[in-house]
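Fold and contact review
Each chain, letter by letter, is given below.
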Amino acid sequence: MTKISFKIFLLLSVFIVFIIFLISTLQTNKTNNSKLIRKAIYFKLPRIDDLKDSLSLDDFKGKIIILNFWASWCEPCKEEANELNKIYSNLKDSIILIGINIWDRRESALEFIKTYNLKFLNLYSKDNPISVDYGITGVPETIIIDKEGNIIYHFKGPINEKIINEIISKLK
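Cut-offs and rules
- Residues numbered from 1 in each chain as written.
- Predicted model: local features only at pLDDT ≥ 70, side-chain atom pairs only at ≥ 80, totals over all residues.
- Heavy atoms only, no water.
- Helix = DSSP H or I, 4+ residues; strand = E, 2+ residues; numbered from the N terminus.
- Buried < 20%, exposed > 50% of the residue type's maximum accessible area, 1.4 Å probe, protein only.
- Contact = heavy atoms within 4.5 Å.
- Areas by Shrake-Rupley, 256 points an atom, 1.4 Å probe, with all protein chains shown as cover.
- Arc of directions from axis to C-beta.
- Polar contact = N/O pair within 3.5 Å; in protein donor to acceptor, adjacent residues only side chain to side chain.
- Right-handed = clockwise from strand over helix to strand, strands pointing away.
- Pairing = 2+ DSSP bridges.
- pLDDT = per-residue confidence, 0-100.
- Salt bridge = Lys/Arg side-chain N within 4 Å of Asp/Glu carboxyl O.
- Core = buried A, V, L, I, M, F, W, Y, C linked by side-chain atoms within 4.5 Å.

Topic: the overall build of the chain
Tallying secondary structure elements over the chain gives 5 helices and 8 strands in all. Split into buried and exposed, the 172 residues of the chain put 42% on the buried side. Pairs at least 24 apart in sequence give 70% of the contacts found in the chain among residues at least 6 apart. Total accessible area on the chain stands at roughly 10,100 Å², and carbon and sulfur atoms take up 58% of it.

Side note on helix α5 (residues 161-171)
Turning to α5, its buried residues number three or more, namely E161, I164, I167 and I168. Along the axis of α5, the buried residues cluster in a sector spanning 135 degrees; they form a single face. Facing away from the buried side of α5, by more than 90 degrees, are the exposed residues K162, S169 and K170. Check the buried side of α5 and you find it contacts β4 (64-70), α2 (75-91), β5 (95-102), β7 (141-145) and β8 (150-156). A distance of 3.1 Å separates the backbone nitrogen of K162 from a side-chain oxygen at the start of α5, and that oxygen is part of N160.

Describing the pairing of β5
Burial runs high along β5: 8 of the 8 residues are buried. Burial of β5 is two-sided: the residues I95, L97, G99 and N101 facing one way and the residues I96, I98, I100 and I102 facing the other way are all buried. In this fold, β4 hands off to α2, which returns the chain to β5; that crossover is right-handed. Pairing of β5 with strand β6 (residues 121-125) involves 5 bridges; the strand directions are parallel. In the strand pairing of β6, I100 is matched with L123. One crossover worth recording links β5 to the parallel β6 by way of helix α3 (residues 106-115), and it is right-handed.

Description of the pairing of strand β3 (residues 50-56)
As judged from the 4 bridges shared by strand β2 (residues 44-47) and β3, these two strands associate in the antiparallel manner. Bridging from a neighbouring strand, R47 pairs with D50 of β3.

What about the confidence of the model for the chain?
For the chain, the average pLDDT comes to 88, and 83% of its residues sit at 70 or higher. Within the model, the stretch residues 24-32 combines pLDDT values under 50 with 7 contacts to residues more than four positions away or in other chains.

Details of the pattern of salt bridges
Under the criterion given, the structure shown has 7 salt bridges. When the shortest N-O distance is used, the salt bridge between R47 and D53 registers 3.9 Å. For R47, a relative accessible area of 25% puts it in the partly exposed group. Judged by relative accessible area, which is 32%, D53 ranks as partly exposed. One network of salt bridges, with partners in common, ties together R47, D49 and D53.

Section: the nonpolar core
Counting residues in hydrophobic clusters, the biggest one holds 49 residues, and the most contacted among them are L67 and Y134. Elements supplying a minimum of two residues to this core: β4, α2, β5, α3, β6, β7, β8 and α5. Setting aside its immediate chain neighbours within four residues, Y134 contacts R38, A40, I41, F43, L57, L67, F69, I143, I145, I151 and H154.

Right under this line is the structure:
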């Protein structure tokens, strides 16, 4: 094997290993099983329906919190909306479900809430860095925080009632 052939072989081998690593990382995120344990980051955001009324994460200390990051233009968010309403209806006595609208116009978000008849609390993040603080790379994404204030799951993509019920049953 010549020096040039060996260099090409070595370069291709490194590239293939990198691709395999990248695919396995994406598959982990795709399966929605990113289990994490780290402290939730403090935030204070206004209610989307009343910008003068702000809420913080501290308002819900000692409770299981589900943060769902969404936008009105997001097709998977539209598909997920009914699931979130079911989750809220069935678990509202044991969890706090908070929608956080990001990367969106407030008027569009309010129309989305009306169209999908969202029953749970929704906050508005126009200029707040919450999406960066929580590592949000797209919408929808959902974060589950346990009663001690630890982020224990981060889901990329739409969630459903079955996934949430499995996790919540382990936390009660």
